[in-house]
Amino acid sequence: YSLDPAEGVDETITSLHRRTWLVVNDLKPSHLYFFRVQALNEVGASEWTNWSDAVATKAVGPETPEPPTLCHAESRALSIAWTEPFSCGFRLDSYDVKVSCEDSS
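The structure reproduced in this document is the subject of the present report.

The next subject is the overall build of the chain. Per the secondary structure count, the chain includes zero helices and nine strands. Walking the chain from its N terminus toward its C terminus, one meets helices and strands in the order β-β-β-β-β-β-β-β-β. Considering the chain as a whole, with its 105 residues, one finds that 11% of them fall into the buried category. Counted over contacts in the chain with a minimum sequence separation of 6, partners at least 24 positions apart contribute 37%. For the chain, the exposed area adds up to about 9,400 Å²; of that, 52% sits on carbon and sulfur atoms.

Structural data, given as structure tokens:
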């Protein structure tokens, strides 16, 4: 069988076995994909099937942000900032921040 991923991808994945399933790797998370298949034998190839319905890869959480950096320091306050991490197109809702203090006693 040959599997032809969605439009815009110009590569045909050829499966050299008779199974009727295939794991397609290296796809983007939270994206829709479409597939079609054709059968091959020593005489030739069938027509391609119609495109499948859209199937989505699993959504994943955001990547880890870079460590915060100091913006401004006062005697009893610190202002910190960090870069927004990649989140697969999903809006970030909030951040959790942990603070730890060096014990100088």
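The next subject is the side chain of Ser87. Its place among the elements puts Ser87 in the segment after strand S9 (78-81). Overall, Ser87 belongs to the buried group, its relative accessible area being 9%. Within the structure, Ser87 has its side chain in polar contact with the backbone oxygen of Phe90 (distance 2.5 Å). In this structure Ser87 touches Pro62 and Leu92, once residues within four positions along its chain are discounted.

Both faces of the sheet carry side chains from a regular strand, because those side chains alternate between them. Pairing analysis gives four bridges linking strand S8 (residues 69-73) to S9, with the strands arranged antiparallel. Counted as the bridge partner of Thr69 is Ala81 from S9. In this antiparallel pair of consecutive strands, S8 and S9, the connection spans four residues.

Position of Gln38 among the secondary structure elements: in strand S4 (residues 35-38). Reaching out from Gln38, the side chain makes a polar contact with the backbone oxygen of Ser46 at a distance of 2.9 Å.

Turning to a nonpolar patch on the surface, a few remarks are in order. Taken together, the side chains of Leu70, Leu78, Ile80, Trp82, Tyr95 and Val97 make up a nonpolar region of the molecular surface, amounting to roughly 580 Å² of accessible area. With respect to the secondary-structure elements, Leu70 resides in strand S8.

The next point concerns the packing of aromatic side chains. Enumeration according to the criterion identifies one aromatic pair in this entry. Each ring, one from Trp82 and one from Tyr95, has its centre 5.3 Å from the other, and the planes form 75 degrees; the classification is edge-to-face. Pair noted here: Trp82 is in the segment after S9 and Tyr95 is in the segment after S9, with a separation of 13 residues, a long-range link. Given the relative accessible area of 35%, Tyr95 is considered partly exposed.

With that settled, the discussion passes to the pattern of salt bridges. The tally for this structure, following the rule as stated, stands at one salt bridge. A salt bridge links Asp93 to Arg91, with the nearest nitrogen and oxygen atoms 3.2 Å apart. Per residue, the accessibility class of Asp93 equals that of Arg91, and both read exposed.

Parameters and conventions
- Residues numbered from 1 in each chain as written.
- Predicted model: local features only at pLDDT ≥ 70, side-chain atom pairs only at ≥ 80, totals over all residues.
- Heavy atoms only, no water.
- Helix = DSSP H or I, 4+ residues; strand = E, 2+ residues; numbered from the N terminus.
- Buried < 20%, exposed > 50% of the residue type's maximum accessible area, 1.4 Å probe, protein only.
- Contact = heavy atoms within 4.5 Å.
- Areas by Shrake-Rupley, 256 points an atom, 1.4 Å probe, with all protein chains shown as cover.
- Polar contact = N/O pair within 3.5 Å; in protein donor to acceptor, adjacent residues only side chain to side chain.
- Pairing = 2+ DSSP bridges.
- Patch = residues over 30% accessible without salt bridge, like charges linked within 9 Å, V, L, I, M, F, W, Y side chains within 5 Å.
- Salt bridge = Lys/Arg side-chain N within 4 Å of Asp/Glu carboxyl O.
- Phe/Tyr/Trp six-rings, centres within 6.5 Å; stacked < 30°, edge-to-face > 60°.

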